[in-house]
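Each chain, written out:
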Amino acid sequence: MFTINENYLKLPGSYLFSDIARRIAAYQEANPDKEILRLGIGDVTQPLAPAIIEALHGAVEEMAHADTFHGYAPDRGYDFLRTVIAKKDFQKRGCSIEADEIFISDGAKCDSGNIQEILGMDNKIAVCDPVYPVYVDTNVMAGRTGQYDPKTQSFDGMIYMPCTAENNFVPEFPKEKPDVIYLCFPNNPTGGTITKPQLQEWVDYANKNGILIIYDAAYEAYITEEDLPHSIYECEGAKTCAIELRSFSKNAGFTGVRLGFAVVPKELKAGGVSLNDLWARRHGTKYNGAPYIVQKAGAAVYTEAGQAQVKEQVAYYMRNAHTIYRELKAAGYSVYGGVNAPYVWLKTPGNQTSWEFFDTLLKEANVVGTPGSGFGAHGEGYFRLSAFGTYENTKKAMERILKM
Ligand SMILES: Cc1ncc(COP(=O)(O)O)c(C=O)c1O
């Protein structure tokens, strides 16, 4: 008789956003006349920029003719895309990343889930708390943790690094030494950032202790303050200890198009084995590449017109973030993030739990956000508002919240 991967049974209940959807559906059914404004899920709302649409049309047309048709993409992705990424995202910032260290994928979620496949099962994993849940759940699925304890909202065997207002949402080195650390800056959900000296400390700590950092820079485009690192490879020594994940979802609106990449430096080795070789092997065996059409669209992001247009789109969302931040702060809320990230993270007022505040907001303002506790035990007492809505809805949501 066949059996299942029992590690999946360790995962508690339903996914955070399914819980939220259920509560919204119940409220909407009881109150069909109410207009609900959604500042919850981190999906974009603006259409793809014209330069990207033009590239998509052009690539579709190419697929219609035998002499320009494209079948399977190269394992690591097309050269035209990897070369422009290496140049514009890394070399321009002084990071010596080459095209053959870049692996094109269909997004950072898949990469952050899949990357652990090339790591040993006995690796001890450390994550920030609160955290983007994919890092935790995929390691649970793989069997790197024990059981879930609902009381502490944590998995046995996983190291949680608290990120709260007290440490400005940048974790301290954990007491117990991990083998792999997931870091994400600018951060989802807290909107927090890390300075270059702080990131350098993590890189030095990792190199000294033989630790791998998986650095998720999905929100890099939202950095507005100078001197904040856009890539971990801006830090000295990062190529021997870090993999970086990037996404086209939030900087260019590709959430429904699907494109991202992982940077696996050639110097990154464990026991003399190159992780770049291992990831290439994994990619070659298990992945047939992001579509040609989508990779052409990705390359359009780096053209002069594409750059100007996506910058404008990011600025649009950041205007929402600033609006949420400014108005809530003026109203007396304790607010964080929102300056270099499309998320505002706030302290729930009056000692309400995250879910209590979710219900208050839904019932009194008909506004949906995301309870901080859904991202981990240290997210309790916090709440996330997303800046990815339209400006009009963001303004309206703020007016309603301020009237509560
Ligand atoms: C931290 C983080 N990484 C990765 C992703 C997913 O990126 P992608 O759409 O490229 O899969 C998200 C999406 O919300 C995210 O918040």
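Definitions and cut-offs
- Residues numbered from 1 in each chain as written.
- Predicted model: local features only at pLDDT ≥ 70, side-chain atom pairs only at ≥ 80, totals over all residues.
- Helix = DSSP H or I, 4+ residues; strand = E, 2+ residues; numbered from the N terminus.
- Buried ≥ 20, exposed ≤ 12 C-beta atoms within 10 Å, placed from the backbone.
- Contact = placed C-beta atoms within 7 Å.
- Near = placed C-beta within 6 Å.
- Axes fitted to C-alpha atoms, helices over the stretch in contact; angles between N-to-C directions.
- Left-handed = near helix turned anticlockwise from the far one by under 90°.
- Nonpolar A, V, L, I, M, F, W, Y, C, P; charged D, E, K, R; others polar.
- Pairing = 2+ DSSP bridges.
- Right-handed = clockwise from strand over helix to strand, strands pointing away.

Novice: How should the overall build of the protein be read in this particular structure?
Specialist: Of the regular secondary structure elements, the protein holds 12 helices and 17 strands. Principal-axis analysis of the C-alpha atoms places the extent of the protein at approximately 60 × 55 × 50 Å. Counting the 404 residues in the protein, one finds 46% classified as buried. Put simply, of all contacts in the protein between residues at least 6 apart along the chain, 73% involve residues at least 24 apart.

Novice: Would you take a moment to explain the site of the ligand for this structure?
Specialist: Residues in close proximity to the ligand total 14 residues, the closest being Gly107, Lys109, Asn188, Ser247 and Ser249. The element that contributes the greatest number of residues to the shell around the ligand is helix α4 (residues 108–114), accounting for three residues.

Novice: Looking at this model, I keep getting lost on the packing of helix α2 (residues 50–63) against helix α9 (residues 292–300). Mind explaining?
Specialist: Any two packed helices are characterised by the angle at which their axes cross and by the distance between the axes. Following both chains from N to C, one finds α2 and α9 inclined at 145 degrees, their axes separated by 8 Å at the closest point. As for how α2 packs across α9, the hand of that crossing is right-handed. Contacts between α2 and α9 involve Ala51, Ile52, Ala55, Leu56, Gly58, Ala59, Val60 and Met63 on the former and, on the latter, Tyr292, Ile293, Lys296, Ala297, Ala299 and Ala300. For the contact of α2 with α9, the class distribution of residues is 12 nonpolar, one polar and one charged.

Novice: What is the right way to look at the pairing of strand β7 (residues 180–184) in this model?
Specialist: It is a general feature of regular strands that their side chains alternate between the two faces of the sheet. Most of β7 is tucked away, with five of its five residues classed as buried. In β7, alternate side chains face the same way, and those of Val180, Tyr182 and Cys184 on one face and Ile181 and Leu183 on the other are all buried. In terms of strand pairing, strand β3 (residues 125–129) meets β7 through two bridges, oriented parallel. The residue bridging Ile125 from the neighbouring strand is Val180, located in β7. Pairing of β7 with strand β8 (residues 212–216) involves five bridges; the strand directions are parallel. Paired with Tyr182 across the strands is Ile214, a residue of β8. Handedness of the crossover joining β7 and β8 through helix α6 (residues 196–209) is recorded here as right-handed.

Novice: What am I meant to see in unusual backbone geometry here?
Specialist: Glycine aside, the phi torsion of most residues is negative, and most peptide linkages are trans. Residues Asp129 and Pro130 are joined by a peptide bond in cis, for which omega reads 10 degrees. Assignment of secondary structure puts Pro130 in the loop between β3 and α5 (133–142). With an omega dihedral of -10 degrees, the bond running from Phe185 to Pro186 counts as a cis peptide bond. Tracing the sequence through the fold places Pro186 in the loop between β7 and α6. If you check the backbone angles, Gln153 has positive phi at about 50 degrees while not being a glycine. For Asn168, which is not glycine, the phi dihedral falls at a positive 55 degrees. One can find Asn168 in the loop between β6 (159–162) and β7.

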